[in-house]
Amino acid sequence: MEVFPLAVNVYFVRHGQTYLNLFHKYQGWSDAPLTEKGIEDGKRVGKALAKIDFDYLFCSDMRRTVKTAELLAASHPTKIVHPEPDPAFREVFFGFFEGEDTAAASMNIGLCRSYDELVSKYSVEKARDITKAADPFHLAENDAEFWQRMDKGLDRLRNLPDGSTAVVVSHGAAIRSIVSRYAKDKTLANDAPVNGSITKLSLTPDQTKIVFYNQLSLPE
């Protein structure tokens, strides 16, 4: 009798608000401390996930996701104290535009007034490609480079024991990229996940399902 693997359930959480978020700056691989709201974002999402008994807690290796994951764990009944950082779950790298005002940089990249408008006009994938093309140093990640990295993280999650549950604290553009690639409704990714929001994935060796996106609490 053929045995089918149980799905791995993954809750992707966007990190809490940082000062660069507050100031509307491109953040990417740059980093900034959490604001007071960002600290509350981390605590709140831990409580929002209280009914979920997760087996693993991962985050990117950026300070803002590590701190958010620690706050999440401290506000959750889990016995996990320290998240496991993995650079595969990092934010998109914006190269030359790191730390720049999002309106000014988006105008230089694609004649748009914001990153959200850039994504709506060109798509998440093409936005990365034109950002690299506009970068005078050509160091920004294009779409292929981003997925070469992120796929390693998703493969790691797929290879967790059948039926496992994991929480991954990651980043806005990274999460909306996953949704753009795998959701049936691609337009979901036109809206950025808010700080401290939850997106659920169901993973099998050959399928990726977006169960829900950008929620502040678990759907009933």
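The structure this text deals with has already been given above.
Everything numeric in this text was worked out from a predicted model, so none of it was measured.

K.L.:
I'd love a proper account of the sheet that holds strand β5 (residues 198–204), names of residues and values included.
P.N.:
Strand order in the open sheet formed by six strands is β3-β2-β4-β1-β5-β6, and the pairing between neighbours is mixed. Each of the sheet's edge strands pairs with one partner strand only, and the pair in question is β3 (84–85) and β6 (207–215). Sheet topology note: the strand β1 (residues 8–14)/β5 ladder contains six bridges and is antiparallel. Within β5, the residue paired with N9 across the bridge is S202. On the sheet, helix α8 (residues 172–182) packs against β1, β4 (165–170), β5 and β6 and is oriented at approximately 130° with respect to β6.

K.L.:
Explain the environment of K121 residue by residue, including any values.
P.N.:
Checked against the element boundaries, K121 lands in helix α5 (residues 115–122). Residues K121 and L111, ten residues apart in the sequence, show an inter-C-alpha distance of 10.0 Å. Once residues lying within four places of it in the same chain are set aside, the contact partners of K121 are G110, L111 and C112.

K.L.:
A description of unusual backbone geometry should follow, citing residues and the corresponding values.
P.N.:
Trans peptide bonds make up most of the peptide bonds, and negative phi angles are found at most residues other than glycine. The phi torsion at H24 lies on the positive side, around 60°, for a residue other than glycine. With respect to the helices, strands and loops of the structure, H24 is situated in the loop between α1 (19–22) and α2 (36–48). Its relative accessible area of 53% is what places H24 among the exposed residues. A positive phi angle, close to 55°, is found at L111, a residue other than glycine.

K.L.:
Got a sec to walk through the pairing of strand β2 (residues 56–59)? Specific residues and values, please.
P.N.:
As judged from the four bridges shared by β2 and β4, these two strands associate in the parallel manner. Opposite Y56, over in β4, you have A166 as the bridge partner. Looking at chain direction, β2 and β3 are connected through two bridges and run parallel. Bridge pairing in β3 places C59 opposite P85. Following the chain from β2 across helix α3 (residues 63–74) to the adjacent parallel β3, one finds a crossover that is right-handed.

K.L.:
Explain the packing of aromatic side chains to me, and be specific about the residues and the numbers.
P.N.:
Inspection of the entire model under this criterion finds 13 aromatic pairs. Ring plane angle 70° and centroid distance 4.6 Å describe the contact between Y26 and F94, whose orientation is recorded as edge-to-face. Within this pair, whereas Y26 is found in the loop between α1 and α2, its partner F94 is found in the loop between β3 and α4 (102–110), the two being separated by 68 residues in sequence. Given the relative accessible area of 6%, F94 is considered buried.

K.L.:
I'd like a description of the pairing of β6, backed by residues and values.
P.N.:
Inspection of the sheet shows β5 paired to β6 by six bridges, in the antiparallel sense. Bridging from a neighbouring strand, I198 pairs with Q215 of β6. Hairpin connection from β5 to β6: two residues lie between these consecutive antiparallel strands.

K.L.:
Let's hear about the pattern of salt bridges: which residues, and what values?
P.N.:
Any two side chains of opposite charge can pair if their charged atoms end up close together. Tallied over the entire structure, the rule returns 13 salt bridges. Measuring nitrogen to oxygen at the nearest pair gives 3.1 Å for the salt bridge that ties D41 to K37. Of this pair, D41 and K37 both sit in helix α2, four residues apart, roughly one helical turn. The partly exposed category is assigned to K37, whose relative accessible area is 43%. For D61, the salt bridge is made with R90, and the minimal N-O distance between the two is 2.7 Å. Placement of the pair is D61 in the loop between β2 and α3 and R90 in the loop between β3 and α4, with a sequence separation of 29 residues.

Cut-offs and rules
Residues numbered from 1 in each chain as written. Predicted model: local features only at pLDDT ≥ 70, side-chain atom pairs only at ≥ 80, totals over all residues. Heavy atoms only, no water. Pairing = 2+ DSSP bridges. Helix = DSSP H or I, 4+ residues; strand = E, 2+ residues; numbered from the N terminus. Contact = heavy atoms within 4.5 Å. Axes fitted to C-alpha atoms, helices over the stretch in contact; angles between N-to-C directions. Buried < 20%, exposed > 50% of the residue type's maximum accessible area, 1.4 Å probe, protein only. Right-handed = clockwise from strand over helix to strand, strands pointing away. Phe/Tyr/Trp six-rings, centres within 6.5 Å; stacked < 30°, edge-to-face > 60°. Salt bridge = Lys/Arg side-chain N within 4 Å of Asp/Glu carboxyl O.

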